[in-house]
Amino acid sequence: MSLFGSEIPTITEPLELSIGCRFDTWIVAENTIKEYGKRKGFAINRHRVEYSENQITNLGDRVVKKRTYVCEYFGKYKPNKMKSIEQQHNKGSKKTDCKWHVNLSKPKNTDFVHITFIHPDHNHELLVDNAIFAAAFRRFDISIMKEIEHAVV
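This report concerns the structure included in the present document. (Residues numbered from 1 in each chain as written. Predicted model: local features only at pLDDT ≥ 70, side-chain atom pairs only at ≥ 80, totals over all residues. Heavy atoms only, no water.)

### A word on the overall build of the protein chain
(1) Moving on: The helix and strand inventory of the protein chain stands at three helices and five strands.
(2) Moving on: When the helices and strands of the protein chain are placed in sequence order, the string is β-α-β-β-β-β-α-α.
(3) Moving on: The 153 residues of the protein chain split such that 29% are buried.
(4) Moving on: Within the protein chain, contacts between residues at least 6 apart in sequence are counted, and of these 57% link residues at least 24 apart.
(5) Moving on: Within the structure as shown, the protein chain displays about 11,200 Å² of accessible surface, and the carbon and sulfur contribution to it stands at 54%. (Helix = DSSP H or I, 4+ residues; strand = E, 2+ residues; numbered from the N terminus. Buried < 20%, exposed > 50% of the residue type's maximum accessible area, 1.4 Å probe, protein only. Contact = heavy atoms within 4.5 Å. Areas by Shrake-Rupley, 256 points an atom, 1.4 Å probe, with all protein chains shown as cover.)

What follows is the structure in structure tokens.
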């Protein structure tokens, strides 16, 4: 048993996303899109998912039919003003209402996932060093994870 899960191979070839791009599985699609964002200077978040009706995998999970991935700056900050004024923390947000997103679909009776729509525009600066500093990419080194696993397991 491993704390850090199975390793997914790093994508080394040039990477561009376009409508119609096909992927073998949802895992391959997600990792490809996340790697694309990392190379371009932004992080990717899962936004929306739609499941197939009356379809369940062998493991008892629902079958994903459609999914949307968005830029980390997607959406607008929604403050929680229900708290009393003493409990509120006036803070900024990184949300800029960025419109970049990718829609993917896995039609019934097919063995592939494909891109159905891309909105390619950002309304913020893309950061070259994002792969180093973005929270989505911060991970312990494999050697440190092995030490943690050894201490815990």
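### Points about the pattern of salt bridges
(1) Moving on: Throughout the structure, instances matching the rule amount to seven salt bridges.
(2) Moving on: One salt-bridge network, held together by shared partners, links E30, K34 and R46. (Salt bridge = Lys/Arg side-chain N within 4 Å of Asp/Glu carboxyl O.)

### Some words on the nonpolar core
If you look at soluble globular proteins, the nonpolar side chains tend to sit buried side by side.
(1) Moving on: L17, F23, I33, W100, V102, L104 and I115 are the most contacted members of the largest nonpolar core, which totals 21 residues.
(2) Moving on: Those elements giving two or more residues to this core turn out to be α1 (26-40), β3 (62-71), β4 (101-105) and β5 (113-119).
(3) Moving on: Ranked by residues supplied to this core, first place goes to α1 with four residues.
(4) Moving on: The contact partners of I115, leaving out residues within four places of it in the chain, are L17, S18, I19, G20, C21, F23, V102, N103 and L104. (Core = buried A, V, L, I, M, F, W, Y, C linked by side-chain atoms within 4.5 Å.)

### Thoughts on the environment of K78
(1) Moving on: Mapped onto the fold, K78 is located in the loop between β3 and β4.
(2) Moving on: Overall, K78 belongs to the exposed group, its relative accessible area being 72%.

### Re unusual backbone geometry
(1) Moving on: Of note, D97 is a non-glycine position whose phi angle comes to about 65°, a positive value.
(2) Moving on: With respect to the helices and strands, D97 occurs in the loop between β3 and β4.

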